[in-house]
Amino acid sequence: MSLVGRRWPRSRRPRAARFARERAIGENGHVSLYRDEGVVLRTQKLGEADRIVTLLTRRTGLVRAVGKGVRRTKSRFGARLEPFTHVDLQLHTGRTLDVITQADTLRAYGEPLVADYPRYTAGTAMLETAEKIVIVEKDPALRQFLLLVGGLRTLAEAAHDPRLVLDAYLLRSLAVAGYAPALEECARCGSHGSHRSFAVHAGGTVCSVCRPAGSAAPAPETVHLMAALLRGDWAQADASDGRHRTECSGLVAAYLQWHLENGIRSLRLVERT
Amino acid sequence: MYEGAVQNLIDELGRLPGVGPKSAQRIAFHLLAAETADVKRLVHALVEVKERVRFCSVCGNVAEEEQCRICRDPRRDAAVICVVEESKDVVAIERTREFRGRYHVLGGAISPIEGVGPDDLRIRELMARLSDGQITELILATDPNLEGEATATYLARLVKPMGLKVTRLASGLPVGGDLEYADEVTLGRAFEGRRSLEL
């Protein structure tokens, strides 16, 4: 006779029978485990041997979770929870922080990046930006996730100047968040054409009529480079000049910091090749 | 809430790392029940550590004099410097009894996300030590995590033009571990750094 069908006196009824009655077949509602994949953005030490790991995941968005004992040399997944690693995870929902119960590497972008210092610094600026731009925890941000994975892959492949990859990522990440700079029209009146002035607080290039005081006057090639990076036109971006790249980085950094309010600390330490 | 002195002690103990309110209370009452001599010894140790301990002028390790014990020891090999992140790492390496050279404590690792750049570490002091021409080998013993690796890459690039031998601690399988539980990155490094067994 099955556990469910039988009549048990209340005091003797086994646990299994109690749950079998309440739950439909295949349902696993009592276990608060979930699976997701994500990129490790940053890690902070916690207590003796634990770490708080901040991840940008595909389905859940920004997650802060505890990796227990991951700082010990014998930890089974400590090495997989390093920044830049794209991991497949199993997490347990906790009261304030979730707990990582399993982790498997999908792709470790950190290895090729640490071997090349300018690439590494560009990568950390990308991770920090991803964390600051998503902000809200557990709010799905699929496009930001895909953009970050794509950005890290491009950076690790070393096919383009790391500074360009970083700027392309920052511009597109801002665009996904709704802060795309106006580059082919005036940010104030909307008149089309390439304008000479760039005003960070106005939202992009501005025409000579709308131009607010304190606008920058970048070279036209710099604005073209920004547009190429936003579009993903690598042929044009790779052909650009060093001084236009530097000017572009400056404008992108200023634009990013204006919109995010908090500064991106790692931008200061990004090295030029 | 307790009265004055007891609560004061609990609050102070609660500020220590890893000590929560309940642990603080437990320690406070333990101290209250302990012998006066024991408590005096603890107080003395606390005051002494702040008054006597300082950082070695050469390597940056904790010391009680101008230079630390290792930098003063004439038997240590002055031609080899081992670069570590913290003083704790010096102790860890000393325990192996494998290394007879001297150390250089950086005081952390490059971590752009925390705002720690090369200028915030004792890298300038290291360069000054290397420039006197006495040193032939630099061993990079920063942590085998991302920040440590990046710091090692940065230092290797900086030191390369000086023509020194620069080595990095090996990464691989822990002694007493199981191969099947090793992660891909560590196992990959173990393969990369494999050595021939000369019998």
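Residues numbered from 1 in each chain as written. Chains lettered and ligands numbered in written order. Predicted model: local features only at pLDDT ≥ 70, side-chain atom pairs only at ≥ 80, totals over all residues. Heavy atoms only, no water.

### Examining the sheet that holds strand β1 (residues 33-46) of chain A
Residue and element names in this part refer to chain A. On the basis of which strands lie adjacent, the closed barrel formed by five strands has the order β1-β2-β3-β5-β4 and mixed pairing. This sheet shows a mean twist of 45° between the axes of neighbouring strands, independent of strand direction. Where strand β4 (residues 85-92) and strand β5 (residues 98-108) come together, eight bridges link them in antiparallel fashion. For Gln90, the partnering residue across the bridge sits in β5 and is Gln102. Each of β1, β2 (50-57), β4 and β5 is contacted by helix α4 (residues 142-157), which is oriented at about 65° to β1, the strand it contacts most. (Pairing = 2+ DSSP bridges. Helix = DSSP H or I, 4+ residues; strand = E, 2+ residues; numbered from the N terminus. Axes fitted to C-alpha atoms, helices over the stretch in contact; angles between N-to-C directions. Contact = heavy atoms within 4.5 Å.)

### Things to note about the UniProt feature "zinc finger region: C4-type" (unreviewed entry) in chain B
Under the UniProt annotation, the feature "zinc finger region: C4-type" (unreviewed entry) is placed at residues 56-71 of chain B. The distance separating the terminal C-alpha atoms of residues 56-71 of chain B is 8 Å; by composition the span is 19% helix and 12% strand. (UniProt positions renumbered as here; feature names shortened; annotations may be inferred.)

### Concerning unusual backbone geometry
Phi at A:Phe84 is positive, roughly 80°, even though this residue is not glycine. The topology assignment puts A:Phe84 in the loop between β3 (61-67) and β4. For B:Arg97, which is not glycine, the phi dihedral falls at a positive 55°. Checked against the element boundaries, B:Arg97 lands in the loop between α5 (87-96) and β4 (101-105). Looking at B:Arg97, the relative accessible area reads 75%, which means it is exposed. (Buried < 20%, exposed > 50% of the residue type's maximum accessible area, 1.4 Å probe, protein only.)

### A look at the pattern of salt bridges
Considering all chains together, one arrives at 26 salt bridges over all chains under this definition. A single network of salt bridges, built from pairs that share partners, joins A:Glu111, B:Glu149, B:Arg168 and B:Arg189. (Salt bridge = Lys/Arg side-chain N within 4 Å of Asp/Glu carboxyl O.)

### Digging into the UniProt feature "domain: Toprim" (unreviewed entry) in chain B
The positions UniProt marks with the feature "domain: Toprim" (unreviewed entry) are residues 79-174 of chain B. Annotated as residues 79-174 of chain B, this span is 33% helix and 20% strand, and its ends, taken at the C-alpha atoms, are 29 Å apart.

### Section: the nonpolar core
By size, the foremost hydrophobic cluster in this structure holds 72 residues, and its most contacted members are A:Leu148, A:Leu267 and B:Leu130. Among the elements that make up this core, the one with the highest residue count is helix α3 (residues 117-134) of chain A (nine residues). Among the nonpolar cores identified, the runner-up in size contains 16 residues, and B:Cys56, B:Val80, B:Ile93 and B:Ala141 belong to it. (Core = buried A, V, L, I, M, F, W, Y, C linked by side-chain atoms within 4.5 Å.)

### Looking at the domain arrangement of chain B
The domain architecture assigned to chain B consists of domain 1 (4-52) and domain 2 (70-196). Placing the centre of domain 1 of chain B and that of domain 2 of chain B at their C-alpha centroids yields a distance of 36 Å. (Domains from an automatic or database assignment.)

### Let's talk about the packing of aromatic side chains
To describe a pair of aromatic rings, you give the distance between the ring centres and the angle between the ring planes. Taken as a whole and assessed by the stated rule, the structure comprises six aromatic pairs over all chains. Taken together, a centroid distance of 6.3 Å and an interplanar angle of 35° make the contact between A:Tyr117 and A:Tyr120 tilted. In this pair, A:Tyr117 and A:Tyr120 both sit in helix α3, three residues apart, roughly one turn of the helix. Of the two residues, A:Tyr117 and A:Tyr120, both sit in the buried class. Aromatic rings pair up to connect A:Phe84, A:Tyr117, A:Tyr120 and B:Tyr154 into one cluster. (Phe/Tyr/Trp six-rings, centres within 6.5 Å; stacked < 30°, edge-to-face > 60°.)

### Let's talk about the domain arrangement of chain A
All names here are of chain A. Once the domains are mapped, chain A shows domain 1 (19-111) and domain 2 (112-269). Each of domain 1 and domain 2 was reduced to a C-alpha centroid, and the two centroids are 31 Å apart. Opposite the 26 residues of domain 1 that make contact, domain 2 presents 27 residues. Both faces considered, domain 1 and domain 2 share a buried interface measuring about 2200 Å² in area, 66% of it formed by carbon and sulfur atoms. For the domain 1 face of the interface with domain 2, the top three residues by lost area are Leu62, Phe84 and Tyr109, together amounting to 32%. Our count for the contact surface shared by domain 1 and domain 2 stands at three salt bridges. Linking domain 1 with domain 2 are nine residue pairs in polar contact (both at pLDDT 80 or more). Of all elements in the fold, only β1, β2, β3, β5 and α2 (110-114) reach the threshold of two or more residues within the side of domain 1 that touches domain 2. (Buried area = accessible area lost by both parts, 1.4 Å probe. Polar contact = N/O pair within 3.5 Å; in protein donor to acceptor, adjacent residues only side chain to side chain.)

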